[in-house]
Amino acid sequence: MRHFQLIDHFGTGSDSQLLSLTCASDPAQHVEISMRREGEHLVMSFSYNALEIALRPRFNEFMRALTHMQPVDGLNTTRQIGTGNAYLALGLHTDGSLIMRPTLVGDATGYITLNLKLTGQAYHHLMEWLGVPAPQLPNEG
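Because the structure is predicted, anything quoted here is derived from the model rather than measured. (Residues numbered from 1 in each chain as written. Predicted model: local features only at pLDDT ≥ 70, side-chain atom pairs only at ≥ 80, totals over all residues. Heavy atoms only, no water.)

A. Seen up close, the pattern of salt bridges. Taken as a whole and assessed by the stated rule, the structure comprises 2 salt bridges. The closest approach of N and O atoms between Glu-38 and Arg-36, which form a salt bridge, is 2.4 Å. A residue is classified by how much of its surface remains accessible, and Arg-36, at 33% relative accessible area, is partly exposed. (Salt bridge = Lys/Arg side-chain N within 4 Å of Asp/Glu carboxyl O. Buried < 20%, exposed > 50% of the residue type's maximum accessible area, 1.4 Å probe, protein only.)

B. Representation of the environment of Ala-28. Here Ala-28 is to be found in the loop between strand S3 (18-22) and strand S4 (31-38). Taking the C-alpha atoms as reference points, Ala-28 and Asn-49, separated by 21 residues in sequence, lie 9.0 Å from one another. (Helix = DSSP H or I, 4+ residues; strand = E, 2+ residues; numbered from the N terminus.)

C. A look at the pairing of strand S5 (residues 41-48). In terms of burial, S5 is a largely internal element, 6 of the 8 residues being buried. Pairing geometry for S5 and strand S6 (residues 51-55), over 5 bridges, is antiparallel. Among the inter-strand pairings, Ser-45 is bridged to a residue of S6, identified as Ala-54. As consecutive antiparallel partners, S5 and S6 are separated by 2 residues, and within that stretch Asn-49 has a phi angle of approximately 55 degrees, a positive value. (Pairing = 2+ DSSP bridges.)

In structure tokens:
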């Protein structure tokens, strides 16, 4: 069974080009997702204490995945962005939460991943920062 760390706080840098998503309900966890657009890429940093996974997916692939995703409660993730060695798995749920699983695959013997879950409010702020209206979901409260 996977344990997902809840991400429930968001903020932007002074120039609004850097988005930061954190765990405000338990700041001792030191969990942070930071994003910034660099040309045709989206620079993403996923930190858990001293561990960091950094990804640079193509911005248009990330946007296509987010805007075409349908909520599915029975699956954790339904979309993957990246390669077979480093990718971001995404899953949208009917309560408005977004699963983000940045993953680095070593080889056939294992991988490293962070299991993160954005609250509905954090997901809406992410979509607003990207300039896309977030869909209204049936079970969203």
